[in-house]
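The primary structure of each chain is shown beneath.
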Amino acid sequence: AVTPVAAVLPAGGSGERLGGATPKQFCAVQGRPLVSYTLRAMERISWISDIIVVVSPENIETMKSIIEKYGHKRVMIVKGGITRHRSIFNGLKVFADNEFANHLLQKPEVVIIHDAVRPFVEEDILSKVVMAAKEHGAAGAIRPLVSTVIACDADGCLDHSLERARYRASEMPQAFLFDIIYEAYQQCTDYDLDYGTECLHLALKYSKTNAKLVEGTADLWKVTYRRDLYAAESIIKDNLSQQVCVITDVKEGVVQVGFLLHESLKSQIKVEAVSISLSKTDSQPQNNFLGQCYNFVCVNDKKYAIQETQQLVDMLERSNIPLLYPVVVISVHLDISENISFSIEMEEVTRIKKFAREVKKKNILLYGLLIQCK
């Protein structure tokens, strides 16, 4: 049986170390709030049933607008507390506290706790900490220390240093059997809730659970300072350049071509296949993939392929994505008819060329591919 897994994302920080008025979780990276990238990383994983994002009361409306704008699914907003631990505790309560009786969610066997400002978490490390939590009760990602940790005396002079090889930096994600971490929070003192920082320590202190430590990857770092935003932007740009969205209409033959393309590309780059009708009234495609990808392959067998491409380009322009980074669109037209003359085909190619010159000025690089299926 599949283990019920939920995620709690504390996103209530004020971002004081970042500087500026906007909390870091809401700072725009490539035109999109940082927290939205983290939510997307979580919701792409099908076995995570519920995602709880905990925000401070003054930012609840901002969070609601982000979820609506970017079409996030399986996400519930919870009001945070005045400290990190109080916020996490509030996030856990939606599964077990009668205070939330109106919308109490199914209690998971395992809960993931992950910072909203760590957007580069991958399914592999999430799966590892969840499996380790199932076996040991608690688990967390760790990384080697980069700098040596030293202790100062009362006069501000060196007292002693720690042997770096014996210590690790605690990172996120962390995972727990739900009952273990929830009971630990229920037993916490006010001092723990106000001054504690480490969830794994609470599980050890109150539930006598020794966490399994799982070696994490270098991309688990937390956006803390302003310079981190620039680093995040660079990583996101690099990731986006290696992703492609294959768009087909719902016709069986066209969907099959899209599937074959997806299968041939997925070993080399990240591919997402979407079968939709690109009608002008349909705004759902924008929520599904615009803002998440910069490379598109559109496969269709319409008589005039340019009309479908025009609709996608219109949506791209409305999203303002091309203003930030060049967008590549490859329009693949499958010609399965036997009676279209060569002159009509050339006319269509000429129209696409002209259209490509126009949209290039808007930072959209359009390429046309005509395939005759005889």
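The chain carries the name D-ribitol-5-phosphate cytidylyltransferase in an unreviewed UniProt entry, which gives Rhynochetos jubatus as its organism. UniProt lists a comment for the chain under the heading Pathway (unreviewed entry), and it reads "Protein modification; protein glycosylation."

Undergrad: Go over a nonpolar patch on the surface, please, and point to the residues and values.
TA: Among the surface-exposed residues, I330, Y367, L369 and I371 lie close enough to one another that they form a single nonpolar patch of about 330 Å² accessible area. You can call Y367 partly exposed: its relative accessible area is 46%.

Undergrad: Run through the side chain of T309, naming residues and quoting values.
TA: One can find T309 in helix α11 (residues 305-319). What makes T309 buried here is its relative accessible area of 2%. For T309, the side chain forms a polar contact with the side chain of S331, separated by 2.9 Å. Once you skip the residues sitting within four places of it in the chain, T309 turns out to touch V329, S331, F355 and L366.

Undergrad: With reference to specific residues and values, describe the pattern of salt bridges.
TA: Tallying each qualifying case throughout the model produces ten salt bridges. Note that K107 and D179 form a salt bridge whose closest N and O atoms lie 2.9 Å from each other. Of this pair, K107 sits in the loop between α3 (84-93) and β6 (110-113) while D179 is found in helix α5 (residues 178-187), placing the two residues 72 residues apart along the sequence. Judged by relative accessible area, which is 39%, D179 ranks as partly exposed. When the shortest N-O distance is used, the salt bridge between K362 and E317 registers 3.2 Å. In this pair, K362 sits in the loop between α12 (342-360) and β16 (364-372) while E317 sits in helix α11, placing the two residues 45 residues apart along the sequence. Relative accessible area serves as the criterion here: at 28%, E317 is assigned to the partly exposed category. Bridged by salt links that share partners, the residues R84, D115, R118 and E171 form one connected network.

Conventions used here
- Residues numbered from 1 in each chain as written.
- Predicted model: local features only at pLDDT ≥ 70, side-chain atom pairs only at ≥ 80, totals over all residues.
- Heavy atoms only, no water.
- UniProt positions renumbered as here; feature names shortened; annotations may be inferred.
- Patch = residues over 30% accessible without salt bridge, like charges linked within 9 Å, V, L, I, M, F, W, Y side chains within 5 Å.
- Areas by Shrake-Rupley, 256 points an atom, 1.4 Å probe, with all protein chains shown as cover.
- Salt bridge = Lys/Arg side-chain N within 4 Å of Asp/Glu carboxyl O.
- Buried < 20%, exposed > 50% of the residue type's maximum accessible area, 1.4 Å probe, protein only.
- Helix = DSSP H or I, 4+ residues; strand = E, 2+ residues; numbered from the N terminus.
- Polar contact = N/O pair within 3.5 Å; in protein donor to acceptor, adjacent residues only side chain to side chain.
- Contact = heavy atoms within 4.5 Å.

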